[in-house]
Amino acid sequence: MMDAFAADFRPGCDINLGVGYVNERTIPAGLFIDELQQVVADPMRHKTPFNYGGPRGSARLVESIRDFIIRTGRGGLTRDHLCDRDIIIGASGVTSLLEAMAQVLKPGIVVTSDPMYYIYCNLLERMGFEVIAIPEDECGLRTDLLRERLEQLGGRRSNISFFYIVSVNNPTSTILSNTRRQEIVAAAAALSYEQRRKIPVLFDTAYDDIVHDPARAKPLSALLFDEPGIVCEVGSLSKILSPALRIGYLIASPGPLLNALIQKTADTGFSAPLFCQEIASRLLDAHIEKQLARVNRGYREKAHAVRGWIERELGPWLENCTGGSAAFYFYLTLKDIATDESSLFFKYLTRTTGNPDIDGQDSNKNARVLYIPGCHCVHPHGELRAHGLRQLRISYGFEEPERIEQAVRIMREAACFCEKAVPAPG
Ligand SMILES: Cc1ncc(COP(=O)(O)O)c(C=O)c1O
């Protein structure tokens, strides 16, 4: 769907609220150029930045990530928490570490939240895993339902491969509460004990650095609750520096799983390009605090404005709306309007109704608006399936505010169009 749209996307005309791209203005391009020059100018500190790297990542970047976490108190972690844990760098962002996990673990059941990070869950299912998605509420994955579901699985609990938990969820932007983080680790620990094997809990913290609502406490790392050594945490520099760096890292206890992930990174072609890792190291050492403040301020302002437009334009049709405190997604549930690709709402926004008054002429289509239909975000066999048909994710990351406002106005037109098209009862 995204590919088809991207192929004939008209910048300045079409509006893409579908992509999870960051805002271009948050990317410190000038600093990249300066720091690359410093990398080249200092061969003692940055050895062979244009040669092959290694499968664990640049030692300098690993140290910078460790310092960054300790200095900023990311996740409440201290030097003591990290002293017996290793940090490795993926081949291409967190995405490659997630894929590596799926490659090295035996296919089985993966437990996650519903709505789910559909890109990874889709990959998992293509690789032969069975995804079990547990509905979330405003505090994230519901641990009461998790316990119930694990109980219901009975003997099939032996098929559980790992837990995949997105701590600030994509698509809903729901911040998993610290209590729930602890309860999930406790449930996985009990299961590991029962099954007499370590069942990994993979926490994806891609958005934990952009909890931009000052009223929300900074989330704690699940590593704090990890007595049995089953938690692996992945973090990304994509959302706070630049996705193009392709820097994702994983923190875990040393052991066979970590070794297998390192081997997989070697098989893929080593960790991210070394000069990117060296630039990232310098940025973390010298600029990250300011950068974090800038990024968070930007998304905070946008979140506030976009929520206002959603309420103003879509209020009459809005059943629920999550997001606005972290990441850059709002996840909407509409009252009676279908949102999937065959729906009138989607057709209106993609200008495929067949009515030239709405769509524009072939060579001169009216502005199109892209979003992610909820049916892709909820598990196709889960409890939220029917809900998903009335849901959508919109991203306020990439597009500029005035374009988002225009898009939400067009969404209102689409909702009115759907309402008129509903045949009168009887
Ligand atoms: C939940 C989640 N995990 C991982 C990623 C990918 O991160 P990276 O750019 O480090 O590969 C994304 C990107 O949008 C994401 O939403």
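Keep in mind that this is a model prediction, so the values were computed, not measured.

Draft legend 1. The arrangement of the nonpolar core in detail. With 99 residues, the main nonpolar core has F163, F345 and M411 as its most contacted residues. Split by domain, the residues of this core number at least three in each of domain 1 (2–25 + 291–418) and domain 2 (29–286). Setting aside residues up to four positions removed in sequence, F163 forms contacts with V111, L146, L150, I184, A188, L191, I199, P200, V201 and L202. A100, M101, Y120 and Y164 belong to the second largest nonpolar core, which has 28 residues in total.

Draft legend 2. Spatial organisation of helix α15 (residues 401–421). With 21 residues, α15 extends 30 Å from end C-alpha to end C-alpha; this agrees with the ideal 30 Å at 1.5 Å per step. Listed as buried for α15 are R403, I404, E405, A407, V408, I410, M411, A414, A415 and C418. Where the residues of α15 are buried, they touch β1 (15–16), α11 (288–314), α12 (344–350), β14 (369–370) and β16 (391–395).

Draft legend 3. Unusual backbone geometry, seen in detail. The step from D114 to P115 runs through a cis peptide bond, and the omega angle for that step is -5°. Note on placement: P115 falls in the loop between β3 (109–114) and α6 (118–126). Although it is not a glycine, T48 adopts a positive phi angle of roughly 40°. Mapped onto the elements, T48 comes out in the loop between α2 (29–41) and α3 (59–72). Even without glycine at this site, A327 takes up a positive phi of about 55°.

Draft legend 4. Region of the structure containing the sheet that holds strand β6 (residues 160–166). The eight strands lie next to each other as β2-β9-β8-β7-β6-β3-β4-β5, forming an open sheet whose pairing is mixed. Lying at the two open borders of the sheet, with one neighbouring strand each, are β2 (86–89) and β5 (140–141). Alignment of strand β8 (residues 231–236) against strand β9 (residues 248–252), held across four bridges, turns out to be antiparallel. In the strand pairing of β9, G235 is matched with Y249.

Draft legend 5. Fine view of the sheet that holds strand β10 (residues 318–323). The four strands lie next to each other as β10-β11-β16-β15, forming an open sheet whose pairing is antiparallel. Both edges of this open sheet fall to β10 and β15 (372–373), since each of them pairs with a single strand only. Here strand β11 (residues 329–334) pairs with β16 via five bridges, running antiparallel. Paired with Y331 across the strands is R393, a residue of β16. Of the strands in this sheet, β10, β11 and β16 touch α11, which is tilted by about 15° from β11.

Draft legend 6. View of empty space enclosed by the protein. Inspection of every chain in the model, using the stated rule, returns one cavity of 30 Å³ or more. As a volume, the largest cavity reaches approximately 60 Å³. If you trace the largest cavity, you find it lined by S113, E136, G140, L141, I165, V166, S167, N169, T174 and L176. Breaking the lining of the largest cavity down by element, the ones donating at least two residues are β5 and β6. Looking at the lining of the largest cavity residue by residue, the classes come out as four nonpolar, five polar and one charged.

The rules behind the values
- Residues numbered from 1 in each chain as written.
- Predicted model: local features only at pLDDT ≥ 70, side-chain atom pairs only at ≥ 80, totals over all residues.
- Heavy atoms only, no water.
- Core = buried A, V, L, I, M, F, W, Y, C linked by side-chain atoms within 4.5 Å.
- Buried < 20%, exposed > 50% of the residue type's maximum accessible area, 1.4 Å probe, protein only.
- Domains from an automatic or database assignment.
- Contact = heavy atoms within 4.5 Å.
- Helix = DSSP H or I, 4+ residues; strand = E, 2+ residues; numbered from the N terminus.
- Expected span 1.5 Å × (residues − 1).
- Pairing = 2+ DSSP bridges.
- Axes fitted to C-alpha atoms, helices over the stretch in contact; angles between N-to-C directions.
- 1 Å grid on protein atoms, 1.4 Å probe; cavity = no way out; pocket = protein on both sides within 12 Å on 5 of 7 lines; lining within 4 Å.
- Points joined across faces, edges and corners; volume = space filled by probe spheres on them.
- Nonpolar A, V, L, I, M, F, W, Y, C, P; charged D, E, K, R; others polar.

That's the geometry; what it means functionally is another story.
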